[in-house]
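Commentary on secondary and tertiary structure
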Amino acid sequence: MDETETGNLSRSLICLCSAELVMMINTTAFNVALPDIAESLGAGMAEQQWIVSSYNLVFAAVVLLAGFLGDRLGHLKTMLAGLMMFVVASAIGLVAGNVPVLLVSRAIMGAGAGVVIPMGQALLGILFRGPGLSRAMTAWAIAGTLGVPFGPLVGGALTATLGWRGIFGFDGVVFLAVIVVIRVNVPRRGASHGPRSLRMPWMSVAMMFAGFTLFSAGLVNAQHGILSVDAWIPMVVGVMLTTGFVLHDRASRNPLMELGLMRDRAFAACAPALMMLNFSMYGIIFIMPAYLETVLRHGALVGGMLLMPLVVASIVGARMDDWVVSRIGSRGASLMALGCLAAGMLTIGDAMWWPGETMRQSTAMIGQTVAGFGLGVGQPAMLTWAMGRVPVERSGAGSSLLTVFRQFGSIIGVGIFGSIQSGLYAAGFRDLARSAGLDLRSVGSVTLDFQQAAGSAGTMGDLMRQVASRAYESAMTGSFAAAAAVIGVTLGIVALISRRASR
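The rules behind these values
Residues numbered from 1 in each chain as written. Predicted model: local features only at pLDDT ≥ 70, side-chain atom pairs only at ≥ 80, totals over all residues. Heavy atoms only, no water. Helix = DSSP H or I, 4+ residues; strand = E, 2+ residues; numbered from the N terminus. Rg over C-alpha atoms; globule rule 2.2 N^0.38 Å. Buried < 20%, exposed > 50% of the residue type's maximum accessible area, 1.4 Å probe, protein only. Contact = heavy atoms within 4.5 Å. Areas by Shrake-Rupley, 256 points an atom, 1.4 Å probe, with all protein chains shown as cover. Lys, Arg positive; Asp, Glu negative; His and termini not counted. Charge placed at Lys NZ, Arg CZ, Asp CG, Glu CD. Patch = residues over 30% accessible without salt bridge, like charges linked within 9 Å, V, L, I, M, F, W, Y side chains within 5 Å. Salt bridge = Lys/Arg side-chain N within 4 Å of Asp/Glu carboxyl O. Phe/Tyr/Trp six-rings, centres within 6.5 Å; stacked < 30°, edge-to-face > 60°. Expected span 1.5 Å × (residues − 1). 1 Å grid on protein atoms, 1.4 Å probe; cavity = no way out; pocket = protein on both sides within 12 Å on 5 of 7 lines; lining within 4 Å. Points joined across faces, edges and corners; volume = space filled by probe spheres on them. Axes fitted to C-alpha atoms, helices over the stretch in contact; angles between N-to-C directions. Parallel < 35°, antiparallel > 145°, perpendicular 65-115°, else oblique. Left-handed = near helix turned anticlockwise from the far one by under 90°. Nonpolar A, V, L, I, M, F, W, Y, C, P; charged D, E, K, R; others polar. Arc of directions from axis to C-beta. Polar contact = N/O pair within 3.5 Å; in protein donor to acceptor, adjacent residues only side chain to side chain.

Quick look at the overall build of the protein chain now. Scanning the protein chain from terminus to terminus reveals 17 helices and zero strands. A compact globule built from 503 residues should have a C-alpha radius of gyration of about 23 Å, and the protein chain, at 22 Å, falls within 12% of that. Burial analysis of the protein chain (503 residues in total) assigns 60% to the buried set. Contacts in the protein chain between residues at least 24 apart in sequence constitute 83% of all its contacts with a sequence separation of at least 6. Counting every atom, the protein chain has about 18700 Å² of accessible surface; 66% of that belongs to carbon and sulfur. In the protein chain, 32 side chains carry a positive charge and 24 a negative one; their mean positions are 10 Å apart.

So, on to a nonpolar patch on the surface. Taken together, the side chains of Val-229, Trp-232, Ile-233, Val-236, Val-237 and Met-240 define a hydrophobic patch exposed on the protein surface, amounting to about 530 Å² of accessible area. With respect to the element layout, Val-236 can be found in helix H9 (residues 229–251). Given the relative accessible area of 40%, Val-236 is considered partly exposed.

For the coordinates displayed, the defined rule picks out three salt bridges. Salt-bridge contacts for Arg-434 lead to Asp-431; the nearest nitrogen and oxygen are separated by 3.9 Å. In this pair, Arg-434 and Asp-431 are both assigned in helix H15 (residues 395–435), three residues apart and thus about one turn of the helix distant. Look at Arg-434 and you get exposed, because its relative accessible area is 56%.

Now for the packing of aromatic side chains. All told, the structure shown has six aromatic pairs when counted by the stated rule. A centroid spacing of 4.3 Å and a plane angle of 10° characterise the contact between Phe-86 and Phe-175, whose relative ring orientation is stacked. Pair noted here: Phe-86 is in helix H4 (residues 75–94) and Phe-175 is in helix H7 (residues 165–185), with a separation of 89 residues, a long-range link. Judged by relative accessible area, which is 0%, Phe-86 ranks as buried. When its relative accessible area of 1% is taken as the criterion, Phe-175 is described as buried. Following the ring pairs from residue to residue traces out a cluster consisting of Phe-279, Phe-417 and Phe-480.

What follows is about helix H12 (residues 308–319). A rise of 1.5 Å per residue sets the reference length of H12, with its 12 residues, at 16 Å; its end C-alpha atoms lie 17 Å apart and thus fit the reference within 8%. Among all positions of H12, only Pro-309, Leu-310, Val-311, Ala-313, Ser-314, Gly-317 and Ala-318 are buried.

Once that is clear, we can look at the layout of surface pockets. Taken as a whole, the largest pocket spans an internal volume of roughly 380 Å³. Along the wall of the largest pocket there are 20 residues; nearest its centre are Phe-212, Thr-242, Val-404, Phe-405 and Phe-408. If you list the elements that add at least two residues to the lining of the largest pocket, you get helix H8 (202–221), H9, helix H10 (265–295) and H15. If you tally residues by element for the lining of the largest pocket, the top one is H15, at six residues.

To continue, consider unusual backbone geometry. The phi torsion at Arg-297 lies on the positive side, around 60°, for a residue other than glycine. Inspection of the secondary structure assignment puts Arg-297 in the loop between H10 and helix H11 (299–305). Under the relative-accessibility criterion, Arg-297 is labelled exposed at 56%.

On to the packing of H4 against H7. Remark: H4 packs on H7, axes separated minimally by 8 Å, with the N-to-C direction vectors making an angle of 160°. As far as their axial angle goes, H7 and H4 are roughly antiparallel. In this structure, H4 crosses over H7, and the sense of that crossing is left-handed. On H7, the residues touching Leu-76, Met-79, Leu-80, Leu-83, Met-84, Phe-86, Val-87, Ala-89, Ser-90, Gly-93 and Leu-94 of H4 are Arg-165, Phe-168, Gly-169, Asp-171, Gly-172, Phe-175, Leu-176, Val-178, Ile-179, Ile-182 and Arg-183. For the contact of H4 with H7, a count of residues per class yields 15 nonpolar, four polar and three charged.

To continue, consider helix H2 (residues 34–41). If you check which residues of H2 are buried, you get Leu-34, Pro-35, Ile-37, Ala-38 and Leu-41. Within H2, the buried residues cover an arc of 165° as seen down the axis, which keeps them to one side. After H2 finishes, the residue Gly-42 shows a positive phi value of roughly 65°.

The next subject is the environment of Thr-384. Structurally, Thr-384 can be placed in helix H14 (residues 357–387). In this structure, the C-alpha to C-alpha distance between Thr-384 and Thr-138, residues 246 residues apart in sequence, is 8.2 Å. When residues no more than four places from it in sequence are discounted, the contact partners of Thr-384 are Leu-133, Ser-134 and Met-137. Here Pro-380 takes part through its backbone oxygen, which lies 2.7 Å from a polar atom of the side chain of Thr-384.

Along the chain, Ser-90 turns up in helix H4. A distance of 3.5 Å separates a polar atom in the side chain of Ser-90 from the backbone nitrogen of Gly-172. Once residues within four sequence positions are removed from consideration, Ser-90 is found in contact with Met-109, Phe-168, Asp-171 and Gly-172.

This is how it looks when you write it as structure tokens:
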């Protein structure tokens with residue numbers, strides 16, 4: 001490869017990683033603003049979950065369609081269309097005056113992300129092969145890993161200075177700049193390989209979207225009780241529709257999802273493993289801001305800074321990926337990453353048992369560091385292992401299929417964390433208030449309860465804040481313990497699937 005070609009590939013990699021970085025900053029910066037949005041628009045925990053889940057649901061519905069179109073129309077062209085969706089959504093979010101309009105904005109952003117992430121991964125799989133692919137995926141993972149936890153810091157600064165709408169203004173300007181640099185520097189490769197049908201498999205898209213939406217709705221409603229009718233019925237119907245989608249798509253002559261890739265043990269093992277990365281990441285980012293900003297009263301900027309251990313550990317883990325894989329293989333690195341995630345979750349949950357605030361925060365930071373290292377090592381190891389087994393002409397389909405699993409992890413991360421946290425918080429608030437001899441009722445969100453306490457004079461307001469703080473911290477222990485159990489079970493499944501897979 002001559003110097004000109006090497007330079008072109010380097011510029012392409014920088015541009016694609018820049019897109020991943022700003023998109024992931026956008027995703028998690030918004031979570032830090034949730035307490036301010038809840039106060040500004042009067043959004044309860046369920047509405048906050050929907051604000052986050054609307055992004056993830058549309059993402060999941062669009063991602064397979066993006067792979068379908070990218071393999072036929074060209075991956076770069078499809079990616080640029082996805083980036084433009086962020087610009088449009090930013091304009092809508094900037095003027096949003098209520099929760100429904102905000103939901104529309106976030107849903108459009110979810111559609112954009114559902115296009116950008118798989119197309120970026122597909123372009124890397126086309127532009128780079130062999131050892132170059134591993135280095136490219138590591139750079140891509142570092143960009144995404146940096147963006148995910150670094151987003152709260154950016155979001156905190158913007159929210160503290162410009163208010164939560166400042167995030168949307170920032171997005172609009174940055175994504176326009178990203179579109180320009182990618183259009184100029186990334187070559188038009190990855191177009192369709194031979195004539196392939198452009199007929200849209202709309203039935204598959206509709207069944208998958210309806211299944212994911214109903215399942216997510218059930219998870220959100222489960223905060224009022226997992227056995228309640230409005231929780232288990234949507235979840236059961238959602239599972240049935242998703243199963244129907246898989247069976248229908250498998251029998252279709254024009255499939256949306258190429259399940260044949262799952263016959264490869266390495267690819268099949270990476271799918272649930274990547275799902276757990278997003279499950280953990282989105283769960284932490286959803287639960288921690290309210291604790292740091294509301295319970296500890298640090299504000300958005302300082303709250304974002306207190307998530308920096310996750311950032312640093314993620315970067316260190318990604319930088320060490322090649323070293324780890326060279327010694328224990330891709331399978332070993334993937335299993336180790338899941339183990340770190342489970343251990344980190346348990347540590348964050350256990351931190352809430354310490355009596356002093358200093359010990360609680362220190363232990364929570366240790367948990368963030370362990371989990372962050374797992375995120376950093378896991379993503380490039382899993383993506384390189386999986387995408388290295390996918391033929392070039394099926395890069396879009398392979399990347400999209402992996403991204404669907406990752407997004408499902410985001411959906412269940414927000415759903416499970418949010419519902420368990422909300423349910424345990426409401427029960428804990430009621431029990432603590434009763435034991436203190438107080439007639440207090442929770443609004444259903446620690447942010448709104450603190451807002452309600454601000455309207456109560458003197459001792460009563462202080463007591464309400466104390467009850468809300470203790471209830472939220474206790475709920476965090478249960479939420480993170482449940483998450484660790486889910487990750488542990490997945491680790492066993494991944495180990496079983498990949499027993500005979502190559503390194």
